[in-house]
Structures are given as C-alpha cells and as structure tokens.
Amino acid sequence: MENQTNLLEQRRHKLAELKRLGYDPYPHKFDYTHTIGQIRTELEAFNHDELQEKKVTVRVCGRIMSLRPQGKAGFMDISDGEHRIQVYVRKDTVGPENFELFQLFDLGDIIGAEGPVFRTRTNELTVAVTKVHHLSKNLLPLPEKWHGLTDVETRFRQRYVDLIVNPDVRSVFVKRSKIIREIRNFLDDRGYLEVETPVLQTIAGGALARPFRTHHNALDIELYLRIALELYLKRLIVGGISRVYELSRIFRNEGVSTHHNPEFTMLEFYQAYSDYRDLMDLSQELITSLAEKITGSRQVKFQEHILNFDSWQRFSMKEAIFRFWPDSAPKPNEEDFLSVKKLRTLAASIHAHYELTDGPGKLLATLFETVAEDHLIQPTIIYDYPAEVSPLSKRKADDPTTVERFELYIAGMEIANAYSELNDPAEQKARFEEQLNARGRGDEEAHDMDADYVRALSYGMPPTAGEGIGIDRLTMVLTDSISIRDVILFPLLRPEQVE
RNA sequence: GGGCCGUUAGCUCAAUUGGCAGAGCAACUGACUCUUAAUCAGUAGGUUGAAGGUUCGAUUCCUUCACGGCUCACCA
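Residues numbered from 1 in each chain as written. Chains lettered and ligands numbered in written order. Predicted model: local features only at pLDDT ≥ 70, side-chain atom pairs only at ≥ 80, totals over all residues. Heavy atoms only, no water.

**Student:** Sorry if this is basic, but what is going on with the overall build of chain A here?
**Tutor:** When helices and strands are counted, chain A shows 16 helices and 20 strands. For chain A, whose C-alpha radius of gyration is 29 Å, the value lies well above the compact-globule estimate of 23 Å for 499 residues. C-alpha atoms of chain A, sized along the principal axes, occupy 90 × 55 × 50 Å. Among the 499 residues that make up chain A, the fraction classed as buried is 48%. As displayed, chain A has an accessible area near 25400 Å², and 50% of this comes from carbon and sulfur atoms. Positive and negative side-chain charges of chain A, numbering 63 and 78 respectively, have mean locations separated by a distance of 4 Å. (Helix = DSSP H or I, 4+ residues; strand = E, 2+ residues; numbered from the N terminus. Rg over C-alpha atoms; globule rule 2.2 N^0.38 Å. Buried < 20%, exposed > 50% of the residue type's maximum accessible area, 1.4 Å probe, protein only. Areas by Shrake-Rupley, 256 points an atom, 1.4 Å probe, with all protein chains shown as cover. Lys, Arg positive; Asp, Glu negative; His and termini not counted. Charge placed at Lys NZ, Arg CZ, Asp CG, Glu CD.)

This is the structure:
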C-alpha cells in the first residue's frame, strides 16, 4: 500500500507539474484524423520510401502501453484498445517545451500525437511526432507488460484493467456482440418481430427455477425478476404476432458456477403454425451459420475438441440413455423406464442423485443427464422429453407421457431448449395444477399457476413452436471459453471492500 | 450450502525441517537522438488476506473469518 501511495503521490505530482507548465491536465477533446486501425489499414502496405514520398500526416491518440525514453528522444507504443502503433519523439523535432511535456508522460497515460508516418530502420510503422498532447493521466499503475494480469479475481472485478492489458479479452466480447447481431439479422430476415416484455413480474413463470424477489413501493406489491421470457411471448402469439422474439436478460436465484451466472442472456423465439421438428432444422441452420460467421469455419476448436457443425446428431432421450449407458452398471430395458422403483434402482446404479418425490419422468431425465450429458460434445439434438418435467409442452399424439420437446447440446452443455407449445387451455390448467401439487410437496422450483396465461390460451393460440437459446453458453462454444465468466463482462462476485 | 486448493511488493512469482522476506517487470535518480521484453549504473518499495493461538522465534504449524478457484449439489 505504501508503494502504491508513493506512486500515486508521484503521479499526482506530475499532474500538478502539467498544470504548472500551463497545460490543462484533463482537456475536453482531441481532434484526431485517424484511428490507429485506420493508419494500419491505409499505410501498412507501404515501404519506407513510399511513405517518404506520400508524406501522410496524422493526429492519433491512445494509451501509452510501452515507453522507451532514450535521452533526447524516445519511443512509445500507443493503443486504442484494439490496435497499436509506435510513435517517435525527438527533442530537435518537437522543440524543448514540447519535449518537457513528453518527459512527464507515464506508462498508461492517454496522449495525442501528430506528425508524418514513416518506417524505422527496423521497418516498424511509426509516427514521427512533431507535437505531443497530454489527454489524461494514469494514476494507478498497469499490470506488468508480458505476464499481464492473470489473477482472475482482479480480472473480473476490474474488467477495465483486464481489457487494457489482455487483448484476447476484447476479441471475445467483439465476437459476442457479433453473435447477437447475426442472430437478430437471421430472425429479422425471416419475418420475426423483436419485442420487449416485463422484467418485473407478479408470477415468475416459463421455467422451473427459483426467482429473485423484489418490492414495488408505490403499489406495495411483491414482484419477481423474470426467470424466462416464454409466457409473455406466447401471449403475443395469441395476439396475432405470429413470429416473435426477445433477446434479453433473465435472472435465476441459483448457484454460481463455470456454466451459471445469476443473470444471463436468453434468446426466445416463437413461430406459429409450426412444431418442434421445424425448429430442429431452424436451430441447426442458425447455429451452423453462426459458427461459420463467427469463427470462419464449420469446424470449431473447443478446448481439446474440434466441433464439427457439418455433422449433427439426433437422438431421442431414451436412445441417448441406452447409447451412453456405462458398462459398469447393469443395462436398462425399455420397460424399466415405466417403473419408479426400477428407475430408482437404475439411478442408484450410476450414482445419480434423486429425490423421493421424483416421478418417473424426472427420474428418466436424471438418468439422461447423468450418463449422456458429458458425452454430447458434438452438436446433438436430444428429443422427446418426459411430460412430467415439461409443463408447457405439447404431448406427443401417440404417447401421453412424452412431449414434443428437444434440447441442443454442444461441448457437453445445454445450449437450447425447444418444444411444440401446449395450446389447450384446459390441459394447461391441469398441468399448472400438477405443478402446484409438486410445490406443495416441497419442490420450490415447480411452476406457479398463471391464470391470465390460461385465459390467453382460451382465446385460441395457433399451433406454435418455441425455442430458447442461452447466448452466454453459445458464446462460450464459439469463443473457446471454458467458463461463463469469460463471456460476461462483469460476472457476479461477492462485493469486495474498497476504501 | 458441502469438499479440496489458493491469497507474499503495483504485476508475475520465489523463500530448505519453524530461523535475517527475495527476484524480474513497473516506480524513482543518472547516462543515452532508430528503440521495440531498449540498454547501462544506482535507489526505494512488505502489517506475507484479517484476527487469534502454539513457540525463544511463524510466510511456514493450529483455530476462526474474508475473498477467489476447482468440484459436488441446484440449474440453463
């Protein structure tokens, strides 16, 4: 701390020195003629002699990332966050007064520089400075230049520092932005309307999860932060917006892990007159085209794997259980899936955790998650889920225990969840009542009754298919990120003590 | 919430069996007008995450706490 205090004092002293010499320590603007990136794209192709001939003079600005003074001259690398360029300051070129200003510069300061662009003896594209400007002071030192900043806690708490010194971090978030833009383009091109629905809700529905609670003072009512977008979007399908989507933040009051952040970004889209089979094809098209647009290839590196988006697999949930069942446990039969007792035995045989209140559908889903999920590295669609764990999905015509639902797995993670929407208000009401019973048995994540949603369905909702895609996890897949915190700029952490 | 691991200078890391807390970079002073991990000479910088305990002596052993990582549970 002493050291940092000393350094702060030193830097504040330099700031005072700037003032004493008549400079505004925090000037209001700097008119630049080129960004560093523009200089790179426009002039990178030219050699020393060509640059001498062209005499391109620029005004650029950025943060000093490297400072190499050399007596009566000096070099700096300045960065605009994305690109870097070297600038060369000579006392006999800028004059004694401006050189005095240069000598007050510190690593991390924001500066402006003007002058012609040339190439040094070592062929480095460089601004031969005729005048430097001080634009803002760095009072706290930047992390070391070649190990950079690796302490993850500091990286997440002070993401601004992470972004300054770790260029790869920026590129993840540039890709994230591009993913979101491409998704919007994809859906807009297909006639979907983007809408915004309430974040504050009196019933947090559309998913099985625990919500955050809050309170509205003027109305004196308890409210929840939404856990899904689903029920409002389907109300809009009833209202005749037959292709609709929302891409926004949702909130779940659950644990934090490498795959979970309490607030995360969800895309949900709904398409009338379609069923889940249509969305399988659409998802495959969307995700494959995103992979290609973001990474430049349909073969995408993820950790030690190459994800091949040219070769998608599709299994029913039961097929996946058989296929990935471990050799160490006795193989199940199709009939075993009908008996709670047999299902519990199977779960125990693979050390899966279950509750005594779990019905056959929940147990089946548990078996699937335990044996199959880790194996689903390549893009895989798992379809036909138990009705018991899918209170908003439509049953299969030939099997009332199963619903028309699928999930998309990539890199062992659940990326998307989609189904043919239940649009029979009487059955929806009955499903909500089943959920209320589960809630009565202590299941805090069971769905609450949403009477207005049932009323909306009673006006008639066309056959509809809907899907949710987790944007954070999709971004992980397409940026080779192992933790969700690497794709969220400010992931939730416990508060620190800042003086 | 449980288990395991971690926290030493601004950053990245050392420190033998419990025996004087160190290095590189950053910083400061000086030299240096084509350097780019600039170089050379010198200087300074520490409540070892916090609080207790054991001990002649604790970065090191013990307890509690804080924060983080991994993992399990929960979930997407």
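**Student:** Looking at this structure, I do not really get helix α10 (residues 276-295). What am I missing?
**Tutor:** Residues that lie three or four places apart on an α-helix share one face, since the helix turns once every 3.6 residues. Spanning 20 residues, α10 covers 28 Å between terminal C-alpha atoms, matching the ideal 28 Å at 1.5 Å per step. Those residues of α10 lying buried are Tyr276, Leu279, Met280, Leu282, Ser283, Leu286, Ile287, Thr288, Leu290, Ala291 and Ile294. Two or three places before Arg277, at the opening of α10, Asp275 has a side-chain oxygen 3.0 Å from that residue's backbone nitrogen. Directly beyond the C-terminal end of α10, a positive phi value near 85 degrees is found at Gly296. (Expected span 1.5 Å × (residues − 1). Polar contact = N/O pair within 3.5 Å; in protein donor to acceptor, adjacent residues only side chain to side chain.)

**Student:** Help me understand the pattern of salt bridges, please; the structure alone is not making it clear to me.
**Tutor:** Oppositely charged side chains may form a pair once their charged atoms are brought near each other. Scanning the entire structure with this criterion turns up 36 salt bridges. The shortest N-O distance in the salt bridge between Glu114 and Arg59 comes to 2.8 Å. Pair noted here: Glu114 is in strand β4 (residues 110-119) and Arg59 is in strand β1 (residues 57-69), with a separation of 55 residues, a long-range link. Close ionic contact of Arg157 with Glu153 constitutes a salt bridge, the shortest N to O distance being 3.1 Å. Pair noted here: Arg157 and Glu153 are both in helix α6 (residues 152-157), with a separation of four residues, about one helical turn. One continuous salt-bridge network, built from bridges that share partners, spans Arg11, Lys14, Asp106, Asp109 and Lys137. (Salt bridge = Lys/Arg side-chain N within 4 Å of Asp/Glu carboxyl O.)

**Student:** Got a minute to help me understand the protein's contact with RNA strand B in this structure?
**Tutor:** What surrounds RNA strand B is a group of 56 residues, the closest being Thr122, Lys145, Trp146, Glu153 and His260. Between RNA strand B and the protein, one listed contact pairs a phosphate oxygen with a backbone N or O atom of Asp151 at 3.0 Å. Here a sugar or linking oxygen of RNA strand B sits 2.7 Å away from a polar atom, N or O, in the side chain of Glu254. Looking at the surface near RNA strand B element by element, the count peaks at seven residues for helix α1 (residues 2-20). (Near = heavy atom within 4 Å.)

**Student:** Quick question: what am I supposed to make of the nonpolar core here?
**Tutor:** In a soluble, globular protein the nonpolar side chains are often hidden away together inside. In terms of nonpolar packing, the biggest core is built from 48 residues, with Ile183 and Phe309 touching the most fellow members. Top contributing element to this core by residue count: α10, with nine residues. Dropping the residues within four chain positions of it, Ile183 is found in contact with Leu247, Leu267, Leu286, Leu290, Ile471 and Leu474. Of all hydrophobic cores here, the second largest spans 28 residues; its members include Leu15, Val58, Phe99 and Leu101. (Core = buried A, V, L, I, M, F, W, Y, C linked by side-chain atoms within 4.5 Å. Contact = heavy atoms within 4.5 Å.)

**Student:** Teacher, can you tell me more about helix α12 (residues 340-349) here?
**Tutor:** When we look at burial in α12, the residues that qualify are Leu343, Leu346 and Ala347. On an axial view of α12, the arc spanned by its buried residues comes to 100 degrees, and they lie on one face. Exposed and oriented more than 90 degrees from the buried face of α12 are Lys341 and Thr345. Contact partners of the buried residues in α12: α13 (360-371). Where α12 starts, the residue carrying a side-chain oxygen 3.2 Å from the main-chain nitrogen of Lys341 turns out to be Ser339. His351 lies just past α12 and shows a positive phi near 60 degrees. (Arc of directions from axis to C-beta.)

**Student:** Mind showing me how you'd approach the environment of Lys91 here?
**Tutor:** Note on placement: Lys91 falls in helix α4 (residues 91-94). Separated by 20 residues in sequence, Lys91 and Gly71 have C-alpha atoms that sit 9.1 Å apart. Dropping the residues within four chain positions of it, Lys91 is found in contact with Lys72, Pro96 and Phe99.

**Student:** Could you clarify how one ought to interpret unusual backbone geometry in this entry?
**Tutor:** Trans is the common state for peptide bonds, and a negative phi is the common state for residues other than glycine. Of note, the phi angle at Gln303 is positive, near 50 degrees, even though the residue is not glycine. Take Gln303: it is sitting in the loop between β13 (299-302) and β14 (305-308). On the basis of relative accessibility, which here comes to 28%, the residue Gln303 falls in the partly exposed class. Positive phi, normally seen in glycine, also occurs at Asp384, with a value near 70 degrees. Along the polypeptide, Asp384 turns up in strand β16 (residues 380-386).

**Student:** Teacher, can you tell me more about the packing of aromatic side chains here?
**Tutor:** Centre-to-centre distance and the angle between the planes together describe a pair of aromatic rings. For the structure shown, the criterion picks out ten aromatic pairs. Plain terms: the ring middles of Phe75 and Tyr88 are 4.4 Å apart, the flat faces sit at 10 degrees to each other, and that makes the pair stacked. Here Phe75, found in strand β2 (residues 73-79), pairs with Tyr88, found in strand β3 (residues 84-90); they are 13 residues apart in sequence, far enough to count as distant. The residues Phe75 and Tyr88 share a single accessibility class, namely buried. Judged by centre distance (6.1 Å) and plane angle (75 degrees), the ring pair of Phe315 and Phe324 falls under edge-to-face. Both residues of the pair, Phe315 and Phe324, count as buried. The ring of Tyr232 is capped by Arg235, whose NZ or CZ atom sits 4.7 Å from the centre of that ring. (Phe/Tyr/Trp six-rings, centres within 6.5 Å; stacked < 30°, edge-to-face > 60°. Lys NZ or Arg CZ within 6 Å of the ring centre and 35° of its normal.)

**Student:** Looking at this structure, how should I read a negative patch on the surface?
**Tutor:** On the surface, Glu254, Glu355, Asp443 and Glu445 cluster together into a patch of negative charge. Tracing the sequence through the fold places Glu445 in the loop between α14 (425-440) and α15 (451-458). (Patch = residues over 30% accessible without salt bridge, like charges linked within 9 Å, V, L, I, M, F, W, Y side chains within 5 Å.)

**Student:** When you look at the domain arrangement of chain A in this model, what are you seeing that I'm missing?
**Tutor:** Often, the extent of an interface is quoted as the loss of accessible area on bringing the components together. Segmentation of chain A into domains returns domain 1 (2-142) and domain 2 (165-312 + 378-486). Computed over C-alpha atoms, the centres of domain 1 and domain 2 are 48 Å apart. (Domains from an automatic or database assignment.)

**Student:** Can you walk me through the environment of Asp450 in this structure?
**Tutor:** For Asp450, the location among the structural elements is in the loop between α14 and α15. Overall, the relative accessible area of 7% leaves Asp450 in the buried class. Here the alpha-carbon distance between Asp450 and Phe432, two residues 18 residues apart in the chain, equals 7.7 Å. Sequence-distant contacts of Asp450, defined by excluding residues within four places in its chain, comprise Ile203, Leu231, Arg235 and Phe432. A polar contact of 3.1 Å, which involves the side chain of Asp450, links it to the side chain of Arg235.

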